[in-house]
Every structure is written in structure tokens, then in C-alpha cells.
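Listed below are the residues making up each chain.
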Amino acid sequence: EMPRMDGFEFSRHVRDNEATKNTPLIVISSRTADKHRKVASEIGVNAFLGKPVQDDDLITQVNALLNKKI
């Protein structure tokens, strides 16, 4: 739970900060409608996973981001 800001707002802060703008972001959300995925993509989120997330899916995404040249 994020009571003071949601994941989208957090992601915007990360992307808007020069020191963290290239930090890979994975959103894990219970809101998986296309409109939420679209917002995440527009913000620059690297991966969007729905809850409940499968461990293998998360590990695959983390590995893909670790191996990606940013």
C-alpha cells in the first residue's frame, strides 16, 4: 500500500529526477486495465505486472532489465 502517493506518481518523480531518470521501473498493480498499462507506458515504466504476480514472471522482468543496456 502506498497511502500518500500511488505508483504512477512515484514513477513520475523517478523519471523527472535527473539522478534517477534512467532507473528501471517495474510496476506491480492490482489495476491491470489497458488504461492503467497505457499510463504506465506513457510515464516510462519498463514493465507492468498484474497482481498476484508470479515469481517467475518477476524474475524474468528483473533479469531482462539487468541485461538491457540503458
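Residues numbered from 1 in each chain as written. Predicted model: local features only at pLDDT ≥ 70, side-chain atom pairs only at ≥ 80, totals over all residues. Heavy atoms only, no water.

Engineer: Is there a simple way to think about the environment of Arg 12 in this case?
Structural biologist: By secondary structure assignment, the location of Arg 12 is in helix H1 (residues 7–16). Separated by 28 residues in sequence, Arg 12 and Ala 40 place their C-alpha atoms 9.4 Å apart. (Helix = DSSP H or I, 4+ residues; strand = E, 2+ residues; numbered from the N terminus.)

Engineer: Please clarify how H1 should be interpreted in this entry.
Structural biologist: Residues spaced three or four apart along an α-helix point in a common direction, a consequence of the helix completing one turn every 3.6 residues. Regarding H1, the residues found buried are Phe 8, Ser 11, Val 14 and Arg 15. Seen end-on, H1 carries its buried residues on one side only, within an arc spanning 120°. Elements in contact with the buried residues of H1: strand S1 (26–29), helix H2 (34–43) and strand S2 (47–50). One side-chain oxygen of the residue at the start of H1 lies 3.1 Å from the amide nitrogen of Phe 8, identifying that residue as Asp 6. (Buried < 20%, exposed > 50% of the residue type's maximum accessible area, 1.4 Å probe, protein only. Arc of directions from axis to C-beta. Contact = heavy atoms within 4.5 Å. Polar contact = N/O pair within 3.5 Å; in protein donor to acceptor, adjacent residues only side chain to side chain.)

That is the geometry; function is a separate question.
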